[in-house]
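Understanding the architecture of this molecule
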Amino acid sequence: MTGIQKCIVALAVLILVGCGPKDEQLVDAKAASERQARGELLLDIREADDYKEFHIPNSTNIPLGRLTLRLAELEPYKGKTVMVIDHSGLRSPRAMEQLQKAGFPQVFIVKGGMVEWQAAGLPIEKLDMRPQ
């Protein structure tokens, strides 16, 4: 690898690290569950089919691709805390950015997403797929 290539790789790493959420913008699954129980919004940005398959009780589902179009639904939470969860935590930073640009100052990401939520043994609701 040439010197220029090494510089490009180093710059790319710095940019990627600097663009991710900061530690203070992350909340672990257990803390998110406790905060939700106190009335804070838990926004699930997975697709509707994924949400229907299983989801966190009392969470709100607005898929990431529709978030900008459906911001009005979140207006009552504008001055309150919003916690964003996805499947594994990779898409939540985009939702956080969209919400912050729309005037939501208190946005957090549930670290590890639904994967961590389930690993922590926290409650989920599943759609009953048994034939009747």
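Scope of this entry: the structure provided in the associated data block.

Analysis parameters
Residues numbered from 1 in each chain as written. Predicted model: local features only at pLDDT ≥ 70, side-chain atom pairs only at ≥ 80, totals over all residues. Heavy atoms only, no water. Helix = DSSP H or I, 4+ residues; strand = E, 2+ residues; numbered from the N terminus. Buried < 20%, exposed > 50% of the residue type's maximum accessible area, 1.4 Å probe, protein only. Contact = heavy atoms within 4.5 Å. Areas by Shrake-Rupley, 256 points an atom, 1.4 Å probe, with all protein chains shown as cover. Phe/Tyr/Trp six-rings, centres within 6.5 Å; stacked < 30°, edge-to-face > 60°. Lys NZ or Arg CZ within 6 Å of the ring centre and 35° of its normal. Pairing = 2+ DSSP bridges. Axes fitted to C-alpha atoms, helices over the stretch in contact; angles between N-to-C directions. Right-handed = clockwise from strand over helix to strand, strands pointing away.

1. Looking at the overall build of the chain
- Of the regular secondary structure elements, the chain holds 5 helices and 7 strands.
- Element order for the chain, N to C, with α for helix and β for strand: α-β-α-β-α-β-β-β-α-β-α-β.
- When each of the 132 residues of the chain is scored for burial, the buried share is 36%.
- For the chain, contacts bridging at least 24 residues in sequence account for 69% of all contacts bridging at least 6.
- When the accessible area of the chain is evaluated, it comes to approximately 8,300 Å², of which 57% is carbon and sulfur surface.

2. Description of the packing of aromatic side chains
- On inspection of all chains with the given rule, the structure shows 0 aromatic pairs.
- Over the ring of phenylalanine 108 we find arginine 35, and its NZ or CZ is 4.6 Å from the ring centre.

3. Concerning the sheet that holds strand E6 (residues 107–110)
- An order of E1-E6-E5-E2-E4 is seen for the 5 strands of this open sheet, with the pairing classed as parallel. Each end of this open sheet is capped by a strand with a single partner; those strands are strand E1 (26–27) and strand E4 (60–61).
- Of the strand pairs in this sheet, strand E2 (residues 41–44) and strand E5 (residues 82–85) are connected by 4 bridges, and their pairing is parallel. Of the residues in E5, the one forming a bridge with leucine 41 is valine 82.
- On the sheet, helix H4 (residues 92–101) packs against E2, E5 and E6 and is oriented at approximately 170° with respect to E6.

4. What to know about the pairing of E6
- Here E6 shows a buried face lined by Val107 and Ile109 and a second buried face lined by Phe108 and Val110.
- Direction of pairing for E1 relative to E6: parallel, over a ladder of 2 bridges. Bridge assignment links leucine 26 to a residue of E6, and that residue is isoleucine 109.
- As judged from the 3 bridges shared by E5 and E6, these two strands associate in the parallel manner. Across the sheet, methionine 83 pairs through a bridge with phenylalanine 108, a residue of E6.
- With H4 bridging E5 and its parallel neighbour E6, the resulting β-α-β unit is right-handed.

5. A closer look at the side chain of arginine 35
- If you trace the backbone, arginine 35 turns up in helix H2 (residues 29–37).
- Those residues in contact with arginine 35 that lie beyond four places of it in its chain are Val27, Glu40, Thr81, Met83 and Phe108.

6. What about the environment of alanine 119?
- With respect to the secondary-structure elements, alanine 119 resides in helix H5 (residues 113–119).
- Spatially, the C-alpha atom of alanine 119 lies 9.2 Å from that of alanine 29, the residues being 90 residues apart in sequence.

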